[in-house]
Amino acid sequence: MENRVLLIVNTRKPTALELAYKLMGWSKKRGVSFVAPSHESAMLGLPEYDWNISINPVDFGIVLGGDGTFLRAARMVMDYEIPLYGINVGRLGFLATGNPQMAEEEIERILSGGYRIQRRRVLRGNVTRKGSLVHVLYALNDLVVTKGPLARLIEVESRVNDYFLSLFPADGIIVSTPTGSTAYALSAGGPILPPHVDAMVMVPICPHTLYARPLVLGPDDMISLIPKSDQKEIYLTQDGQLGYELMVKDRIDISLAKDKNVLTVELLEDNYFDLLREKLQWGNVSIRQGEEEW
Ligand SMILES: NC(=O)c1ccc[n+]([C@@H]2O[C@H](COP(=O)([O-])OP(=O)(O)OC[C@H]3O[C@@H](n4cnc5c(N)ncnc54)[C@H](O)[C@@H]3O)[C@@H](O)[C@H]2O)c1
Ligand SMILES: Nc1ncnc2c1ncn2[C@@H]1O[C@H](COP(=O)(O)OP(=O)(O)OP(=O)(O)O)[C@@H](O)[C@H]1O
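None of these values were measured; they are calculated from a predicted model.

**Considering the sheet that holds strand β10 (residues 172-176)**
Right, on to step 1. The strand order across the open sheet built from six strands is β12-β11-β10-β7-β14-β15, with neighbouring strands paired in antiparallel fashion. The open sheet is flanked by β12 (215-217) and β15 (242-246), the only strands paired with a single partner. Sheet twist, expressed as the average angle between the axes of neighbouring strands with direction ignored, equals 20 degrees.
Right, on to step 2. In this sheet, strand β11 (residues 200-205) lies alongside β10 in antiparallel orientation, the contact comprising five bridges. Opposite S176, over in β11, you have V201 as the bridge partner.

Structure follows, in structure tokens:
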């Protein structure tokens, strides 16, 4: 049977478009049928994907872009259990790990089963205002309560499982998944959680105290954040890409979602710890030649 693959592309990047056209040429010879979301479908002339996957399933999704494009793709597939593989036509490439020069070979490897699936937890954030639920948001990386552009401190009350934890005066608070622990949370001094660790982390951004520390919480915990400062311009951002203005005393209840997750495709030879070393330049020392491996 012909393989069907969803193609998600950062159409603003000429290099991503170029690679998409190259792969479309390859797919015809290889007998792979690409389908695409509506925007890419219009730009590239590919058949539009019918999200009713019980009629039109795809084997997996290929993302051509950087980590931002991968996060956008993750939001698209979260409800559908479509595993994603990202080919990095961007800068860092921590989520989009594939090599554009090897794109056809890597896709061939996936088609022949040379991969494993990593199930990644996502955050669910419920925003309650004056007792009513006003937003439900999901994030693969992070949900962040943050100040507006002026250099003013905000005060955010934090609660864990509804017990009062603290009132941080800070620039904001990041709540991150293991996936997002290498993104904003890392810059704010948080720990790295490999994606198989079932946890989330809360990291204050520039807290004006000597005691604030990142806090790791478990899969059944709930973090509540309640902006207390009586000032305008407090925002909630979703994977750094979508933002919502918050009002004082809004309550954001954040937990690891039980109803959604994101599946990522990892090539068998790829390893998370190699990725940390390479991409974050974490101890750029490999085992020296001649030294015994143990
Ligand atoms: N100071 C910071 O480090 C900072 C500030 C704002 C947002 N962010 C992060 O940017 C993310 C959005 O990414 P974007 O590419 O759309 O925005 P962007 O273009 O501003 O990217 C920020 C950087 O983070 C990298 N990145 C994204 N997700 C990552 C992950 N899971 N692990 C390691 N690196 C990752 C990107 O490749 C890029 O280099 C947010 O979810 C947030 O975590 C970081
Ligand atoms: N086809 C598209 N249409 C609309 N928005 C897109 C499209 N592709 C990507 N985006 C958005 O663009 C942003 C990512 O763009 P960005 O310039 O940061 O490139 P990137 O692909 O993430 O690579 P880089 O690693 O260089 O950041 C994300 O917010 C994503 O949602």
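Past the structure itself, the notes keep going.
**Concerning the site of ligand 2**
Right, on to step 1. Near ligand 2 you find 15 residues, and of these K13, G66, G68, T69 and R91 are the closest.
Right, on to step 2. In the environment of ligand 2, a nitrogen atom lies 3.0 Å from a nitrogen or oxygen atom belonging to the side chain of T11.
Right, on to step 3. Residue R91 places a side-chain N or O atom 2.6 Å away from an oxygen atom belonging to ligand 2.
Right, on to step 4. Contact with the protein chains covers 76% of the free accessible surface of ligand 2, which is 630 Å².

**Quick notes on the domain arrangement of the chain**
Right, on to step 1. Assigned domains of the chain: these are domain 1 (3-113) and domain 2 (122-259).
Right, on to step 2. Relative placement of domain 1 and domain 2: their C-alpha centres are 31 Å apart.
Right, on to step 3. With nine residues of domain 1 in contact, the opposing surface of domain 2 contributes eleven residues.
Right, on to step 4. Buried surface at the junction of domain 1 and domain 2, summed over both partners, amounts to about 770 Å²; 66% is from carbon and sulfur atoms.
Right, on to step 5. Summed over the three residues of domain 1 that lose the most area to domain 2, namely L71, R75 and M78, the buried surface amounts to 67% of that side.
Right, on to step 6. In this assembly, domain 1 and domain 2 are joined by zero salt bridges.
Right, on to step 7. Where domain 1 meets domain 2, there are two residue pairs in polar contact (both at pLDDT 80 or more).
Right, on to step 8. The class makeup of the residues in the side of domain 1 that touches domain 2 is six nonpolar, one polar and two charged.

**A closer look at the pairing of strand β9 (residues 163-170)**
Regular strands place side chains that alternate from one sheet face to the opposite one.
Right, on to step 1. Relative to β9, strand β8 (residues 154-160) runs antiparallel, the two sharing seven bridges. Bridge assignment links S158 to a residue of β9, and that residue is S166.
Right, on to step 2. Hairpin connection from β8 to β9: two residues lie between these consecutive antiparallel strands, with N161 at a positive phi of about 50 degrees.

**Some points on the environment of S41**
Right, on to step 1. Within the secondary structure, S41 sits in helix α2 (residues 38-44).
Right, on to step 2. Sequence separation between S41 and I8 is 33 residues, and the spatial gap between their C-alpha atoms is 9.2 Å.
Right, on to step 3. Not counting residues up to four positions away in its chain, the partners in contact with S41 are A36, L46, P47 and E48.

**Looking at the packing of helix α1 (residues 14-30) against helix α4 (residues 103-111)**
When two helices pack together, their arrangement is given by the angle between the helix axes and by the axis-to-axis distance.
Right, on to step 1. Here α1 crosses α4 at 50 degrees, and the two axes come no closer than 11 Å. If you check the angle between α1 and α4, you find them oblique. Note on packing geometry: the crossing formed by α1 with α4 is right-handed. Judged by residue contacts, L19, K22, L23, W26 and R30 of α1 engage A103, E104, I107, E108 and L111 from α4.

Conventions we followed
Here the residue index of a chain counts from 1 through its sequence in written order. All chains are assigned letters beginning with A, and all ligands numbers beginning with 1, in the order in which they are written. Residue-level local features of this predicted model are given only where pLDDT is at least 70; pairs of side-chain atoms are given and counted only at 80 or more, and the full residue set underlies all totals for whole chains, interfaces and linings. Side-chain descriptors were evaluated using all non-hydrogen atoms of the structure, hydrogens and water having been removed beforehand. The pairing criterion is simple: DSSP has to find at least two bridges between the two strands. Strands here mean DSSP runs of E at least two residues long; helices mean DSSP runs of H or I at least four residues long; both are numbered from the N terminus. Convention adopted: a line fitted to C-alpha atoms gives each axis, helices being fitted over their contacting stretch, and angles between N-to-C directions are expressed from 0 to 180 degrees. The near set for a molecule or strand comprises every residue that places at least one heavy atom within 4 Å of it. Here a polar contact means two N or O atoms within 3.5 Å. Within protein one must be a hydrogen donor candidate and the other an acceptor candidate, and residues neighboring in sequence count only if both atoms are side-chain atoms. To measure how exposed things are, a 1.4 Å probe is used in the Shrake-Rupley method; for residues, cover is taken only from the protein chains shown. Residue ranges for the domains trace back to a domain assignment, done automatically or taken from a database. The contact rule is simple, with two residues in contact once any of their heavy atoms fall within 4.5 Å. A quick way to say it: buried area is the sum, across both parts, of accessible area lost when two parts are put together, with a 1.4 Å probe. Salt bridge, as used here: a side-chain nitrogen of Lys or Arg that lies within 4 Å of a carboxyl oxygen of Asp or Glu. Asp, Glu, Lys and Arg are counted as charged, while Ala, Val, Leu, Ile, Met, Phe, Trp, Tyr, Cys and Pro are counted as nonpolar; the rest, among them Gly, fall into the polar class. For classification purposes, an angle smaller than 35 degrees is called roughly parallel, one larger than 145 roughly antiparallel, one from 65 to 115 roughly perpendicular, and anything else oblique. It is the rotation of the near helix from the far one that decides the hand of a crossing: anticlockwise by less than a right angle makes it left-handed, clockwise makes it right-handed.

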